[in-house]
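Fold and geometry: a report
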Amino acid sequence: MAATSKLQALWNHPAGPKTIHFWAPTFKWGISIANIADFAKPPEKLSYPQQIAVTCTGIIWSRYSTVITPKNWNLFSVNVAMAGTGIYQLSRKLRHDYFSEAEPSLAEE
């Protein structure tokens with residue numbers, strides 16, 4: 001009975017599955033999942049504009065999701081994930097572009 005009432009509460013919540021407030025952040029998880037999949041990409045193939053956009057979107061909308069009514073924790077969590085993955089990817093790109101030692105070429109050996 002308790003599980004049924006919790007499901008009923010979720011279903012009828014102002015940010016529940018009957019609203020766009022549920023589905024938009026749910027589909028937005030695809031961006032974070034794709035960014036996680038890109039962890040395997042070489043850093044030179046990462047894009048600064050894309051990762052800056054992902055990071056800024058995550059930071060801005062994380063804050064926004066805590067001040068709107070109804071509180072939308074799905075929106076908050078997906079944007080924290082976006083900010084986190086974007087920051088990680090940016091750090092990989094920056095380390096590669098500015099802080100890594102250039103590998104010696106065969107001619108230098």
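Residues numbered from 1 in each chain as written. Predicted model: local features only at pLDDT ≥ 70, side-chain atom pairs only at ≥ 80, totals over all residues. Heavy atoms only, no water.

An unreviewed UniProt entry annotates the protein chain as Mitochondrial pyruvate carrier of Linum tenue. Taken from UniProt, the Sequence similarities (unreviewed entry) comment for the protein chain reads in full: "Belongs to the mitochondrial pyruvate carrier (MPC) (TC 2.A.105) family." Looking at the protein chain in UniProt, the text filed under Function (unreviewed entry) is "Mediates the uptake of pyruvate into mitochondria." (UniProt positions renumbered as here; feature names shortened; annotations may be inferred.)

Tallied over the entire structure, the rule returns five aromatic pairs. Considering the side-chain rings of W23 and F27, the 6.1 Å spacing of their centres and the 40° angle between planes classify their relative orientation as tilted. Pair noted here: W23 and F27 are both in helix α2 (residues 20–37), with a separation of four residues, about one helical turn. Under the relative-accessibility criterion, W23 is labelled partly exposed at 37%. Judged by relative accessible area, which is 64%, F27 ranks as exposed. (Phe/Tyr/Trp six-rings, centres within 6.5 Å; stacked < 30°, edge-to-face > 60°. Helix = DSSP H or I, 4+ residues; strand = E, 2+ residues; numbered from the N terminus. Buried < 20%, exposed > 50% of the residue type's maximum accessible area, 1.4 Å probe, protein only.)

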